[in-house]
Every structure is written in structure tokens, then in C-alpha cells.
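Geometric and topological summary
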Amino acid sequence: MSVVLQGVIGIITGVIAAYLASNVSLHKYYKEKWWEKKLEAFTHLINELHKINNNSEYHYNKEIYDRGGLSYFHILDENGEKALQTQFDQGMDELKKIAHTASLYLSDKCSDDIKKYLSFTDVLIEKFHDGEIDSFNAYQEDYNRSRKLMFSIITEAKKELKAERLRLENNVLTWVLDKSMRLINKVKNHKNTQSNTHH
């Protein structure tokens, strides 16, 4: 092999290394941004569910206290209950918005669970207004359902984010190997072409 050919191959190898390094960084950057978007979406959802659950828990415990089931319960003043209700209303509004966009960043299970909870809430409110269920049972059911949804979403978030991180790492590794093999084959073909030319 001539000195010139060795030099050319050395330059090509250096270019390949630089190309892979820059592209791997870019590829990883976009994948990590997607992971961060999922994390942000789950965090926002859990915060809104926390607002909803706080209101449900307060009113459920208040119902128990009024019936003598709790020895002590801190009852909020009128402003405190209004603030709690405002947070609940905001949480429900956000939950309805998220239900329409959940499939973009969240799992299908999350999307289904949110829609089921919203449907359940609509039915529960209707039953309460129609006198089919009293306030105690209404708050009890709402508290149990909202709590169940929140823990279900937290579990799903842990599973999804961990799986997404593993997918990110595996995808980057697969992408690097694929690119490396293609570039190595190009160098080999170039080397073979040069050798045939000299012969």
C-alpha cells in the first residue's frame, strides 16, 4: 500500500470519527428532548391529579367527621374551601385538555384511564343531582377513583419513563452501529477500488 493511500485512509478514518461523534450527539440530543417532554407531561398530569385528589380527600374526610367517624378534622374556613374548589376546578379543566392530547406524550393506558375517570365523574355528578346517591357516598367514590387514578398514573409514569430511557440508549447504540458499518464498508470499497486500480 502506498504512503499516499495510507494517508488518504487515515484522513477518511478521521472524518468518519468526527462525523459519527457529531451525529451521535445530535441524535441523542433529539431523543433526550423527547424523553424530557414525556417527563414534563407526566409531571404536569400528576400535579393536576394531586389538586383533584386533595379536594376529594378533604370533602370525604369532612363527611366522615360530620358523622362522628373522625375524632379530629381541620375544617377550612370559607376562603380555604373556595381555594380548594378553585384548584379542583382547574385540575379538572386541565385533565380534560390532557385527555385530548395524552396520546402524543403519554401511554395509551394513561389516555384510557383519564377518559374513564372523566366519564365516571360525569355519571357520579348526575347521580348526585338526581338524588340517586348521597354526599357521603359521592365523595367516597370520587376520592377512591381519583386516588386510584393518581397512583395508576404514577406507576405508568415510572414504567414508561424507564422504558423510554432504555429505548433511547438502545436506539442510539443501534444507530451508531448501523452508521459505523455503513461507513466502514464504504472505506473498504474505496480501498478495494484503489487496490484494483494499482494492479
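Anything mentioned here points back to the structure above.
Structure report, in brief. Quick caveat: nothing in here was measured; it's all calculated off a predicted structure. (Residues numbered from 1 in each chain as written. Predicted model: local features only at pLDDT ≥ 70, side-chain atom pairs only at ≥ 80, totals over all residues. Heavy atoms only, no water.)

Notes on the overall build of the chain
Looking only at helices and strands, the chain features four helices and zero strands. Counting from the amino terminus, the chain carries its helices and strands in the arrangement α-α-α-α. Across the 199 residues in the chain, those meeting the buried criterion constitute 32%. The long-range share in the chain, meaning contacts at least 24 apart out of those at least 6 apart in sequence, stands at 75%. When the accessible area of the chain is evaluated, it comes to approximately 13000 Å², of which 55% is carbon and sulfur surface. (Helix = DSSP H or I, 4+ residues; strand = E, 2+ residues; numbered from the N terminus. Buried < 20%, exposed > 50% of the residue type's maximum accessible area, 1.4 Å probe, protein only. Contact = heavy atoms within 4.5 Å. Areas by Shrake-Rupley, 256 points an atom, 1.4 Å probe, with all protein chains shown as cover.)

What about the pattern of salt bridges?
All chains considered together, the criterion is met by eight salt bridges. Taking the shortest distance from any N to any O, the salt bridge between Lys109 and Asp113 comes out at 2.8 Å. Pair noted here: Lys109 and Asp113 are both in helix 3 (residues 108-129), with a separation of four residues, about one helical turn. The exposure class of Lys109 is partly exposed, given its relative accessible area of 39%. For Asp113, a relative accessible area of 18% translates into the label buried. Notably, a salt bridge pairs Glu156 with Lys159, separated by 3.5 Å at the nearest N-O pair. (Salt bridge = Lys/Arg side-chain N within 4 Å of Asp/Glu carboxyl O.)

Here's the deal with the side chain of Glu48
Summarising the element assignment, Glu48 is placed in helix 1 (residues 3-66). The exposure class assigned to Glu48 is buried, which follows from its relative accessible area of 6%. Contact partners of Glu48, with chain neighbours within four places excluded, come to Gln90, Gly91 and Glu94.

A short note on the packing of aromatic side chains
Per the stated rule, a full pass over the model turns up five aromatic pairs. A ring pair is formed by Tyr117 and Phe120, whose centres lie 6.3 Å apart and whose planes are at 40°; its orientation type is tilted. Remark: Phe120 and Tyr117 occur in helix 3; sequence separation between them is three residues, near one turn of the helix. Across the pair, exposure class does not vary: Tyr117 and Phe120 are buried alike. Taken together, the ring pairs in this structure connect Tyr58, Tyr65 and Phe73 into an aromatic cluster. A cation sits over an aromatic face here: Arg145 above Phe120, 4.2 Å from the ring centre. (Phe/Tyr/Trp six-rings, centres within 6.5 Å; stacked < 30°, edge-to-face > 60°. Lys NZ or Arg CZ within 6 Å of the ring centre and 35° of its normal.)

Describing a negative patch on the surface
Together, Asp122, Glu126, Asp130 and Glu132 line one region of the surface with negative charge. You can see Asp130 is positioned in the loop between helix 3 and helix 4 (135-198). (Patch = residues over 30% accessible without salt bridge, like charges linked within 9 Å, V, L, I, M, F, W, Y side chains within 5 Å. Lys, Arg positive; Asp, Glu negative; His and termini not counted. Charge placed at Lys NZ, Arg CZ, Asp CG, Glu CD.)

Looking at the nonpolar core
Grouped together as the largest cluster of nonpolar side chains are 26 residues, with contacts concentrated most on Leu45, Leu49, Leu95 and Leu106. Leave out the neighbours within four places in its chain, and Leu95 touches Leu45, Leu49, Ile52, Ile114, Tyr117, Leu118 and Leu149. (Core = buried A, V, L, I, M, F, W, Y, C linked by side-chain atoms within 4.5 Å.)

Quick notes on the packing of helix 2 (residues 78-105) against helix 3
To characterise two packed helices, one gives the angle between the axes of the helices and the distance between these axes. Relative orientation of the contacting elements helix 2 and helix 3 amounts to 140°, with a least axis distance of 9 Å. As judged from the angle between their axes, helix 2 and helix 3 are oblique. Our pair here, helix 2 against helix 3, has a crossing hand that is left-handed. Contacts between helix 2 and helix 3 involve Met92, Leu95, Lys96, Ile98, Ala99 and Ala102 from the first element and Ser111, Ile114, Lys115, Tyr117, Leu118 and Thr121 from the second. Residues belonging to the contact of helix 2 with helix 3 are distributed by class as follows: eight nonpolar, two polar and two charged. (Axes fitted to C-alpha atoms, helices over the stretch in contact; angles between N-to-C directions. Parallel < 35°, antiparallel > 145°, perpendicular 65-115°, else oblique. Left-handed = near helix turned anticlockwise from the far one by under 90°. Nonpolar A, V, L, I, M, F, W, Y, C, P; charged D, E, K, R; others polar.)

Describing the environment of Phe42
Tracing the backbone through its elements, the reader meets Phe42 in helix 1. Residue class for Phe42 comes out buried when judged on its relative accessible area of 1%. In the structure, Phe42 is positioned 114 residues away from Glu156 in sequence and 9.2 Å away in space, judged by C-alpha atoms. Sequence-distant contacts of Phe42, that is, excluding residues within four places in its chain, are made with Leu106, Cys110, Ile153, Glu156, Ala157, Glu160 and Leu161.

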